[in-house]
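Chain and residue survey
Take a look at the letters that make up each chain.
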Amino acid sequence: MNATLLRTQWQQLPERAVRQLQADKLRRYLRDVVLPFSAHYGELFRKKGLKAESIRTLEDLEQLPFTSKADLLNTPGHPEKVKEFVLIPDPKALARRPATILRALAKGREQVQRGFESEFRPIFLTSTTGRSADPIPFVYTQHDLANLSSSGIRIMQVCGAQHDFRLLNMFPYAPHLAFWSSHYAATAFGVFCVGTGGGKVMGTEGNLRMIQKIKPDVLIGMPTFVYHVLQQAVELGVRCENLKRLVLGGEKVAEGMRRKLRNLASKLGSPGVVVLSTYGFTESKLAWAECPSPADETPSGYHLYPDLGLFEVVNPKSGVVVPPGSPGELVFTPLEARGSVVLRYRTGDVIDGGLVYEPCPHCGRTLPRLVGKISRSTEVKSMQLDKIKGTLVDFNQLEHVLDDAANVGAWQLELRKFNDDPHEVDELVLHVQKLNGVDDEKLRRELNNRFVERTEVHPNLIVFHEAEELRRLLGVGTLLKEQKIIDNRPKPKKDAPAGPPDEGLHRPASGITPITPAAGQPDLEARK
Ligand SMILES: [Zn+2]
């Protein structure tokens, strides 16, 4: 009975019940699914003398070592590391199980065989972007796609979607969680949805044409891209009066960005639009959403499904679990996944409001929620502007500074060398599209002050551009993902030759990517 309680009552269980049911479910999941069939965890548990039975409460989870991105990378001794995380069942072990024998008697062997195939055979994958390393694929079985669908239905419910809504999915068409999670959510919920493939497939104009044709109630996409499309719509005098939701993912969404998007939607004829953010990453194979809240209140946080996975929040340095409501790094463990499975996965994402269990003040659901801003901890370490002032720059902070600035529309931060000479000092150039006709000098002063307050550096140069020019600089409509922070410093000599323009020289620096690929995002590391 308890096993189904977590699934059927996922949105109304109090903290104690959730934690106990999750511990029970995790114990069974490890015993029956992960440990027998995962090469990596089978061996790890044996080596450490751990057993599924050691997990009686969620506190016991701390006995298990973390898994991090580095564990998924190939080594000479493990040339196909990521495969060691895929559950590959032993048919003999499955056949010996009493449940299997009973099912075979009742339904026939063939049916049982088909059941195992749909549970364990990989049929789909999404992967990390892998700009700095090889992309890491995470495989899904039919069972995982069913989870993606059922979590998708819940996303729709949490976002307050209605069946007569028309959705435009503007996420890039790629093997990334963001696009597919939206696709499966819409399909499973049963709502009209068209995928444009984002800017690279149809261009900004193509997306605008679709908006005019479909008159969507909901736009789904990356905040930067949605911003540019709406901005262009305003410039062209397009009306878009049906908009009810802007559902964002793939990057963090600053409060200022939400405000700017609401303003643009209002100019298009949709003043009541609700901006919602989602969170997810390749390794979770699931995504979560906020529920609608009034524009002037703090967002409601990501509503979690306690039956499909569990989060811990840990001190990023010590790895110790912090109390509910405390900031820390997000660590994820799935409870229903097949295919690729990672346990206690360190996301590198730091959340400032932590994990809470209180009923949601907006929708009243009682479920675990992740509240507050999320930043990538790898980015907090940040890029060093070596010779300028030797100051570490927190690009997470800078993004918030710029997205929250009222008179700044689109922007790009460019790192380059003085005179393009590799031996010269680094320069930080800020490209900005002004809003509201503000005076150049006034905005320069304002931005310089805000930079210094937050990061102790200020841009060497602030250049103002028209919206069109900034779209070109950012690669809106041409790149898979806009380059908000771009590194144009010449590469050191011995480096590999530069890759294609969107992946090599133009190292995407920041642009947090929660929903798409958490792993594989390049760290902002100093270059010598
Ligand atoms: Zn809520």
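Residues numbered from 1 in each chain as written. Predicted model: local features only at pLDDT ≥ 70, side-chain atom pairs only at ≥ 80, totals over all residues. Heavy atoms only, no water.

**Quick word on the overall build of the protein chain**
Per the secondary structure count, the protein chain includes 16 helices and 22 strands. Taken over 528 residues, the protein chain has a buried fraction of 57%. A fraction of 67% describes how many contacts in the protein chain between residues 6 or more apart in sequence connect residues 24 or more apart. Roughly 22,500 Å² of accessible area belongs to the protein chain as shown, and the carbon and sulfur atoms make up 53% of that amount. (Helix = DSSP H or I, 4+ residues; strand = E, 2+ residues; numbered from the N terminus. Buried < 20%, exposed > 50% of the residue type's maximum accessible area, 1.4 Å probe, protein only. Contact = heavy atoms within 4.5 Å. Areas by Shrake-Rupley, 256 points an atom, 1.4 Å probe, with all protein chains shown as cover.)

**Here we look at the coordination of the zinc ion**
Protein-derived ligands of the zinc ion are Cys291 (SG), His303 (NE2), Cys360 (SG) and Cys363 (SG), with the metal-ligand distances lying across 2.1 to 2.3 Å. Seen from the zinc ion, its four donor atoms lie at angles of 104 to 117°, and the figure they make is tetrahedral. A residue is classified by how much of its surface remains accessible, and His303, at 0% relative accessible area, is buried. Residue classification places Cys363 among the partly exposed residues on the basis of a relative accessible area of 30%. (Donors = N, O, S within 2.8 Å, 3.2 Å for Na, K, Ca; no water. Tetrahedral: all angles 85-135°; square planar, octahedral: opposite > 155°, others 65-115°.)

**Points about the nonpolar core**
Membership of the largest hydrophobic core comes to 67 residues, with the highest contact counts inside it found for Leu30, Tyr41, Tyr279, Trp288, Phe311 and Leu370. Residue contributions to this core peak at ten residues, all from helix H2 (residues 15-37). Ranked by size, the runner-up nonpolar core spans 32 residues in total, among them Leu168, Leu246, Leu268 and Leu470. (Core = buried A, V, L, I, M, F, W, Y, C linked by side-chain atoms within 4.5 Å.)

**Description of helix H6 (residues 109-120)**
For H6, built from twelve residues, the straight-helix expectation of 16 Å at 1.5 Å per residue is met to within 8% by its first-to-last C-alpha distance of 17 Å. Taken together, the buried positions of H6 are Val112, Phe116, Glu119 and Phe120. Projected down its long axis, H6 shows its buried positions confined to an angular sector of 75°, all on one face. Tucked into the core, H6 has its buried residues touching H2, helix H4 (91-96), helix H5 (98-107), strand E1 (122-127), strand E2 (137-141) and helix H7 (142-159). (Expected span 1.5 Å × (residues − 1). Arc of directions from axis to C-beta.)

**Some remarks on the pattern of salt bridges**
Summed over all chains, the structure comprises 33 salt bridges. Among the ionic pairs, Arg27 bridges to Asp24, the shortest N-O distance being 3.2 Å. Here Arg27 pairs with Asp24, and both are found in helix H2, just three residues apart, close to one helical turn. The exposure class of Asp24 is buried, given its relative accessible area of 15%. The salt bridge partner of Glu468 is Arg471, with a shortest N-O separation of 3.1 Å. Taken as a pair, Glu468 and Arg471 lie in helix H16 (residues 467-474) at a separation of three residues, close to a single helical turn. Where salt bridges share partners, they join Lys25, Glu119, Glu336 and Arg338 into one cluster. (Salt bridge = Lys/Arg side-chain N within 4 Å of Asp/Glu carboxyl O.)

**Examining the pairing of strand E4 (residues 192-195)**
Examined bridge by bridge, strand E3 (residues 166-169) and E4 share four bridges and lie parallel to one another. In the sheet register, Leu167 faces E4, and the bridge partner there is Cys193. For the crossover from E3 across helix H8 (residues 177-189) to E4, the handedness is right-handed. (Pairing = 2+ DSSP bridges. Right-handed = clockwise from strand over helix to strand, strands pointing away.)

**Section: the confidence of the model for the protein chain**
This prediction gives the protein chain a mean pLDDT of 87; 89% of its residues lie at or above 70. A low-confidence stretch, residues 494-528 stays under pLDDT 50, and its non-local contacts, those more than four residues away or across chains, total 121 contacts. (pLDDT = per-residue confidence, 0-100.)

**Quick notes on the side chain of Arg369**
The residue Arg369 is located in strand E14 (residues 369-370) in this model. When residues no more than four places from it in sequence are discounted, the contact partners of Arg369 are Ser300, Tyr302, His303, Leu304, Gly354, Leu355, Val356, Glu358, Pro359, Cys360 and Pro361.

**Points about the environment of Ser54**
Relative to the elements of secondary structure, Ser54 occurs in the loop between helix H3 (39-48) and H4. As for Ser54 and Leu64, which are separated by ten residues in sequence, their C-alpha atoms are 9.8 Å apart. Filtering out sequence-adjacent residues up to four positions away, Ser54 remains in contact with Asp60 and Gln63. Among the polar contacts made by the side chain of Ser54, one reaches the main-chain carbonyl oxygen of Lys51 at a distance of 2.4 Å. (Polar contact = N/O pair within 3.5 Å; in protein donor to acceptor, adjacent residues only side chain to side chain.)

**Overview of the packing of aromatic side chains**
Scanning the model with the defined rule gives 22 aromatic pairs in all. Taken together, a centroid distance of 6.1 Å and an interplanar angle of 55° make the contact between Tyr173 and Trp180 tilted. Between Phe311 and Phe332, the aromatic rings sit 5.1 Å apart at their centres with planes inclined by 50°, giving tilted as the arrangement. In this pair, Phe311 is assigned in strand E10 (residues 309-314) and Phe332 in strand E11 (residues 328-334), connecting sequence segments 21 residues apart. For Phe311, a relative accessible area of 7% puts it in the buried group. Through pairs of rings, three or more aromatic residues link up here, namely Trp10, Tyr279, Phe281, Trp288, Tyr302, Tyr305, Phe311, Phe332 and Tyr345. (Phe/Tyr/Trp six-rings, centres within 6.5 Å; stacked < 30°, edge-to-face > 60°.)

**A few points about the side chain of Ser181**
Note that Ser181 resides in helix H8. Classification of Ser181 by relative accessible area gives buried; the value is 5%. Discounting chain neighbours no more than four positions away, the residues touching Ser181 are Leu148, Ile155 and Ala287.

**Overview of the packing of helix H9 (residues 198-214) against helix H10 (residues 223-236)**
Contact pair H9 / H10: the axes reach a minimum separation of 10 Å and the direction vectors enclose 40°. In terms of orientation, H9 and H10 fall into the oblique class. Seen along the crossing, H9 lies across H10 with a hand that is right-handed. For the pair H9 and H10, the contacting residues are Gly198, Gly199, Thr204, Glu205, Asn207, Leu208 and Ile211 in the first and Phe225, His228, Val229, Gln232, Ala233 and Leu236 in the second. When its residues are assigned to classes, the contact of H9 with H10 shows six nonpolar, six polar and one charged. (Axes fitted to C-alpha atoms, helices over the stretch in contact; angles between N-to-C directions. Parallel < 35°, antiparallel > 145°, perpendicular 65-115°, else oblique. Left-handed = near helix turned anticlockwise from the far one by under 90°. Nonpolar A, V, L, I, M, F, W, Y, C, P; charged D, E, K, R; others polar.)

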